[in-house]
Structures are given as structure tokens and as C-alpha cells.
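# A closer look at the structure
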Amino acid sequence: MTAARSLETAEEISDIAFGFMGSKALFSALHVGLFSILSDTTLTPEEVAAKSLLDLDRATTLLTALTSLGLVRKDGAGFTNSPAAEAFLVKGRKYDFGDYLRFQIDRQMYPFMTQLNDALTDSLDQDQVASYEDWFSDPEEARLYSRSQHAGSLGPGRGLAKMVDLSTAKTLLDVGGGTGAFSISLCKAYPQLTSTILDFPNVASVGEEFIAEEGLSDRIAYRPGNALTDPWPESADAVLMSYLFSGVPGSAIPGLVRKAGEVLAPGGRFMVHDFMVDENREGPKLAALWQLQHTAFNPEARSITSAYVAGLMEAAGFDQVRTEVMIPGMTMLVHGRKPA
Ligand SMILES: Nc1ncnc2c1ncn2[C@@H]1O[C@H](CSCC[C@H]([NH3+])C(=O)O)[C@@H](O)[C@H]1O
């Protein structure tokens, strides 16, 4: 369990209050390709200006801000990447997550936070996004979000394949399956498995491209629609809900758990993966903040704990209910079995 720190000083409050400036310095640097320009080299502000869209003053100001944050480091008269920036923010590096930060976090999540005050007080304007369905009625938004999410979920999908034994399952129902990253990883790990993904139409059309690229179009199919209102397939040997609970009204979560129990075949596995905070409500910090982030565009979202999800599963008749860490400090997996 996380034990949260209790702050003592004004400086510690300032670190939080002005943290958004640091976030934006990082995103803007990615936007102008700065970490790729500095990759494996040391450049003066003049040289950075010559290789980027920045003029000398703006290059100097941005480099100074990034150096103060530790993203860039001073080397004589020049600037170079910190080891972390070199490994994770340079285009083409194996663990580069710059595009995820640029597109999903800067372009989509950051502006959503500006509507958090209204979301918390239940006073969002009609034209503000208040659900995934609203948001993804715009095909470009659905594409932008889903492509980043896909990249982020392939790894956890491979992890899930090792955490839950699906070797006897023939059919998976992936509710809110997005562009199919989890279905793809699970189908690759379990050759007998086929999957049906329930998600909105504008997400399905992006996912179909990814699934075709993986050569899995004969094993993974969409049923486009709203999982809360449209019909589900009648049966499945396994049901997955990954990041679905954070995207629906909290009041819908118990019904989703019961519905998984209804469609699952006896002996079938139910897996829930999401941002979950500890029972003591002290963290982890990123899980708690991601839940708050979801509230900004889904004001009826609920801050859930793994014990809450496990309790719902047990109440719906599941046994062998287990809780495991999926992405440390951020997400948990709760899974159970419908009794055989
Ligand atoms: N009511 C709903 N019906 C169907 N899909 C939904 C609903 N609410 C949210 N979603 C989808 O839930 C997904 C959350 S993103 C997670 C995608 C995927 N399960 C993964 O873990 O990578 C998005 O693709 C949303 O479109």
C-alpha cells in the first residue's frame, strides 16, 4: 500500500502548482523535435535555432527551462539530452514514448484538465465533452486517442497473457476493447482464441486497420456500438474490460460486472484492468490523478479500488478472485472465474 506524503512547506505546494509549466515545457520541446535534434550531440542555442523552428531567444529560453528540469543538461557552452531524454524521448528509440506524450497527453488530456472545475461542480457546458461517446463522435479525436492507446496497451496485453491462463478459452469478449491491443496480444499468445471487440464505430474503423496489419482479421472482429445500451454477443469463454470502468458512469460498473457473469460460459474468466487506488485512499499518485483526469471528461466516473471490484465480482458469483499489479503505481488487474 502507498503511504502518501503530507507536505510541510510552501515550496512543496509551489512544485505542484507550477508543475503544469514543466509539463508544457516538455510537450513543446517534443513538438519542435528538440530531443531528436540534441540526440547524441551537444549544440549551442544558435545551432539549435538553425536546426529548428525556434529563433535564438526562444531556443535559449526553452533550453534553459528544460535544463532546470533536468530533461536537458549543460555541457560546456552547449546543451545535450539527459540520459532519460535520450532513451525515452528521441524519435525511433526502442522505448520512445514522445508521440504518446505529444498526442494523447498534450493534445488531448492537457486541454481536458481545463474543464475539470466545471466537471467537478457538474456545470459543464453542452459543447464540452462529457463522455467517451461524445468525444469519439469526432472521427479524428477517436483516431488520435486510439492510436496512442494502442501503443500503450500492447505491452500490458502481453503481460496479461502470462497472468491469466486462457489456454482452454475459444472466445474472448473485449468490452471497450479500443483498437484491439489486448485482443491482439492475447490472440498471439493463445492460438485457439478468437475475439469480439465491443467499442464505438469510430474506434472500430481505426482498430480494423491495426488488426489487418497483424494478420488477425479472421480472428478478431468488431461489434460496433455502446456497451451500456447495445446488445452483447450471447456467450464468451473470457471477458475483458480494460480501462472501461474509468470511462463509464460509476453507477454502470456493478451492472457491467453482472453482465459479464451472465454471458460467460461456466469456468470462464473475467478480467478487469484499470486505474485503481489503494483501499486506504493514499495513492498511488498516478492512479489517483488518472482517475481525476477521467472525471474531467466523464464527470460521473468513480474512483475505484481493487477491493471494490473484487467485491462486485464475488457478489456476482465469481470465485478464485485475485488482484495483481499490472502497471506498477498505476493500474491493477482483478480477475475471477465463473464457477464451472
Ligand atoms: N459505453 C461504452 N461502450 C463501448 N466502448 C466504450 C464505452 N465507454 C468507453 N468505451 C471505450 O473504452 C475504451 C477505453 S481506452 C481502452 C482501450 C483498450 N481496452 C485498452 O485497454 O487498450 C475506448 O476505446 C472507449 O471508446
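Conventions and cut-offs
- Residues numbered from 1 in each chain as written.
- Predicted model: local features only at pLDDT ≥ 70, side-chain atom pairs only at ≥ 80, totals over all residues.
- Heavy atoms only, no water.
- Salt bridge = Lys/Arg side-chain N within 4 Å of Asp/Glu carboxyl O.
- Phe/Tyr/Trp six-rings, centres within 6.5 Å; stacked < 30°, edge-to-face > 60°.
- Helix = DSSP H or I, 4+ residues; strand = E, 2+ residues; numbered from the N terminus.
- Buried < 20%, exposed > 50% of the residue type's maximum accessible area, 1.4 Å probe, protein only.
- Expected span 1.5 Å × (residues − 1).
- Contact = heavy atoms within 4.5 Å.
- Axes fitted to C-alpha atoms, helices over the stretch in contact; angles between N-to-C directions.
- Parallel < 35°, antiparallel > 145°, perpendicular 65-115°, else oblique.
- Left-handed = near helix turned anticlockwise from the far one by under 90°.
- Nonpolar A, V, L, I, M, F, W, Y, C, P; charged D, E, K, R; others polar.
- Bend = angle between axes of the 7 residues up to and from the residue.
- Lys, Arg positive; Asp, Glu negative; His and termini not counted.
- Polar contact = N/O pair within 3.5 Å; in protein donor to acceptor, adjacent residues only side chain to side chain.
- UniProt positions renumbered as here; feature names shortened; annotations may be inferred.

### Side note on the pattern of salt bridges
Overall, the coordinates contain 11 salt bridges when judged by the stated rule. Between R5 and E12 there is a salt bridge; the shortest N-O distance is 3.2 Å. When salt bridges with common partners are traced through the structure, they connect D40, E86 and R93 into a single cluster.

### Section: the packing of aromatic side chains
Aromatic rings considered in pairs are described by the distance between their centres and by the relative angle of their planes. What the rule picks out here adds up to 15 aromatic pairs. Aromatic pair Y132 and F297: ring centres 5.4 Å apart, planes at 85 degrees, arrangement edge-to-face. One end of the pair, Y132, is in helix 9 (residues 132–135); the other, F297, is in helix 14 (residues 285–297), with 165 residues separating them in the sequence. Neither residue differs from the other here; Y132 and F297 are each classed as buried. Seen in terms of ring centroids, W135 and F136 are 4.8 Å apart; in terms of plane orientation they differ by 35 degrees. Their pairing is tilted. Using a relative accessible area of 3% as the deciding quantity, one classes W135 as buried. On the basis of relative accessible area, F136 is assigned to the buried category, the value being 5%.

### Describing helix 14
One turn of an α-helix holds 3.6 residues; hence residues three or four places apart share an orientation. With 13 residues, helix 14 extends 19 Å between its outermost C-alpha atoms, agreeing within 8% with the 18 Å of an ideal straight helix rising 1.5 Å per residue. If you follow the buried residues of helix 14, they end up packed against helix 7 (98–113), helix 8 (116–120), helix 9 and strand 7 (264–275).

### Let's talk about the packing of helix 2 (residues 19–31) against helix 5 (residues 56–69)
Packing of helix 2 against helix 5 brings their axes to within 10 Å, and their N-to-C directions diverge by 125 degrees. Looking at the two axes, helix 2 sits oblique to helix 5. Judged by the sense of rotation from one axis to the other, the crossing of helix 2 with helix 5 is left-handed. Where helix 2 approaches helix 5, its residues G22, A25, L26 and A29 are matched on the opposing element by L62, L66 and L69. Among the residues making up the contact of helix 2 with helix 5, the classes are represented as six nonpolar, one polar and no charged.

### What about helix 7?
I105 marks the point of greatest bend in helix 7, at about 40 degrees. Residues G98, L101, Q104, I105, D106, Q108, M109 and F112 constitute the buried set of helix 7. In the core, the buried residues of helix 7 are packed alongside helix 2, helix 6 (83–88), helix 8, helix 9, helix 10 (139–163) and helix 14.

### Section: the side chain of D274
Its location among the elements puts D274 in strand 7. No salt bridge is formed by the buried D274, whose closest oppositely charged neighbour, R302, lies at an N-O distance of 12 Å. A polar side-chain atom of D274 sits 3.3 Å from the main-chain amide nitrogen of L244. Setting aside residues no more than four positions away along its own chain, D274 makes contact with Y243, L244, F245, S246, I304, M330, T331 and M332.

### Let's talk about the UniProt feature "domain: O-methyltransferase dimerisation" (unreviewed entry) in the protein
The positions that UniProt labels "domain: O-methyltransferase dimerisation" (unreviewed entry) are, in the present scheme, residues 15–90. Helix makes up 62% of residues 15–90 and strand 11%. Its end C-alpha atoms lie 26 Å apart.

### Concerning the UniProt feature "domain: O-methyltransferase C-terminal" (unreviewed entry) in the protein
Here, the residues flagged by UniProt with the feature "domain: O-methyltransferase C-terminal" (unreviewed entry) are residues 132–318. Overall, residues 132–318 shows 45% helix and 19% strand. The separation of its end C-alpha atoms is 28 Å.

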